[in-house]
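# Observations on the model geometry
Now for the letters of each chain:
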Amino acid sequence: MKGLILCAGNGTRLQPFTNLKPKGLLPVANKPLIHYGIEKLVELGINEIGIVIRTNLHAMFMEEVGAGERWNVHITYIYQINPLGISDAVKHAESFIDNEPFVLLLGDNLITQDLHGLCHAITHENHDAAILLRKVTNPKQFGIAEVNEDRIIGLEEKPSEPKSDLAVLGSYAFKPSIFKAVHAISPSARGEYEITDAIQWLIHQQYSVAYQITDKNFSDVGTMEGWLEANRWMLRLLEEEGLLTTRTDYPGTTIIPPVCIDPSAELINCVIGPYVTIGPNVRLESCMLENSILLEYALLNPNHNPMTNSIISPQSMFVQKDGGSGK
């Protein structure tokens, strides 16, 4: 079984931050988002991973991901010149997959659910596809699955009258039959080749599509709000697991966990936390921060008011006006 991670999207909703770095490389708790996806695939015993990117991003991905050495896997970069949807990206990976089953992850999704169940549905239960689902309170804003016993019988993108509250998350397992589907479908109304349309094609052609329901943490890091949300629950999870080791001896500074601070950061007379990630070479003096992300080389000084629900880089700043909950 192989792995495939899609990272060729433009990330328009995360601009201006994605003008300098693609969203798959944006940090959550000081680790690039795509690293979490690679680790999910490694947990499954997958050692052949394809990453779909735009051609101009190759150097950045080689610097922050490389060829897979740190995970003892082999990474192949696959190029999608124009991001025309998930199914189009899958189509570009057909030669890499080479008629094997594979797990597909969206590079801007952060999940905690173990994915062995999806793989088992493909490798042992003879399903042709398997999808991760989660109950949501606002199904009109998601792709929604209609299920019958152990199979999905229909998919609908952001329905006005949802047939269930089971949202499709960005984790899938497929047999190679999915390539018949991605070649058969037409672009959607927004001009993209949708993965939901490809899966619906499988269903219409009597292929079996299974599912797994999760209640674990999940975030679509495609918006500023989603990025801050992912940072909050990841910091909370890392603290619960005892994996946050943060200095507390910064001069005149109070640390309110959970926080993640790069060792190269300099803090003087600050109040930091909870739910703050501070990246490499950040310098802060006499600042108060809560529920925020500071990217590499960010600089704040006493002229800044207390900040919360913010994302800050040397070039840009985002402040979520209506706030987010750290609870």
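Structure: see above.
Everything quoted here is computed from the prediction, not taken from an experiment.

Conventions and cut-offs
Residues numbered from 1 in each chain as written. Predicted model: local features only at pLDDT ≥ 70, side-chain atom pairs only at ≥ 80, totals over all residues. Heavy atoms only, no water. Helix = DSSP H or I, 4+ residues; strand = E, 2+ residues; numbered from the N terminus. Buried < 20%, exposed > 50% of the residue type's maximum accessible area, 1.4 Å probe, protein only. Contact = heavy atoms within 4.5 Å. Salt bridge = Lys/Arg side-chain N within 4 Å of Asp/Glu carboxyl O. 1 Å grid on protein atoms, 1.4 Å probe; cavity = no way out; pocket = protein on both sides within 12 Å on 5 of 7 lines; lining within 4 Å. Points joined across faces, edges and corners; volume = space filled by probe spheres on them. Nonpolar A, V, L, I, M, F, W, Y, C, P; charged D, E, K, R; others polar.

In this section: the environment of Leu 26. Mapped onto the fold, Leu 26 is located in the loop between strand E1 (2–6) and strand E2 (27–28). The class of Leu 26 is buried, set by a relative accessible area of 3%. Distance from Leu 26 to Leu 295, taken between C-alpha atoms, is 8.9 Å for residues 269 residues apart in sequence. What Leu 26 contacts, discounting residues up to four positions off in sequence, is Leu 14, Thr 18, Lys 21, Lys 31, Pro 32, Leu 33 and Trp 227.

In this structure the tally under the stated criterion is 11 salt bridges. For Glu 100, the salt bridge is made with Lys 2, and the minimal N-O distance between the two is 3.9 Å. With Glu 100 in the loop between helix H4 (94–97) and strand E6 (102–106) and Lys 2 in strand E1, this residue pair connects regions lying 98 residues apart in the sequence. Owing to a relative accessible area of 29%, Glu 100 belongs among the partly exposed residues under this scheme. Its salt-bridge partner being Glu 64, residue Lys 21 comes within 2.9 Å of it at the nearest N-O pair.

It is worth spelling out helix H1 (residues 33–43) at this point. For H1, a buried count of eight out of 11 residues is recorded, marking the element as mostly surrounded by other parts of the structure. Looking at H1, one finds that the buried residues are Leu 33, Ile 34, His 35, Tyr 36, Gly 37, Ile 38, Lys 40 and Leu 41. Two residues or fewer after H1 comes Gly 45, characterised by a positive phi angle close to 80°.

So, about empty space enclosed by the protein. Counted under the stated rule, the structure contains one cavity of 30 Å³ or more. Approximately 90 Å³ is the volume attributed to the largest cavity. When residues of the lining of the largest cavity are traced back to their parent elements, those giving at least two are H1, E6, strand E7 (109–111) and strand E11 (166–174). Broken down by element, the lining of the largest cavity gets its largest block of residues, five residues, from H1. Here the lining of the largest cavity is composed, by residue class, of eight nonpolar, five polar and one charged.

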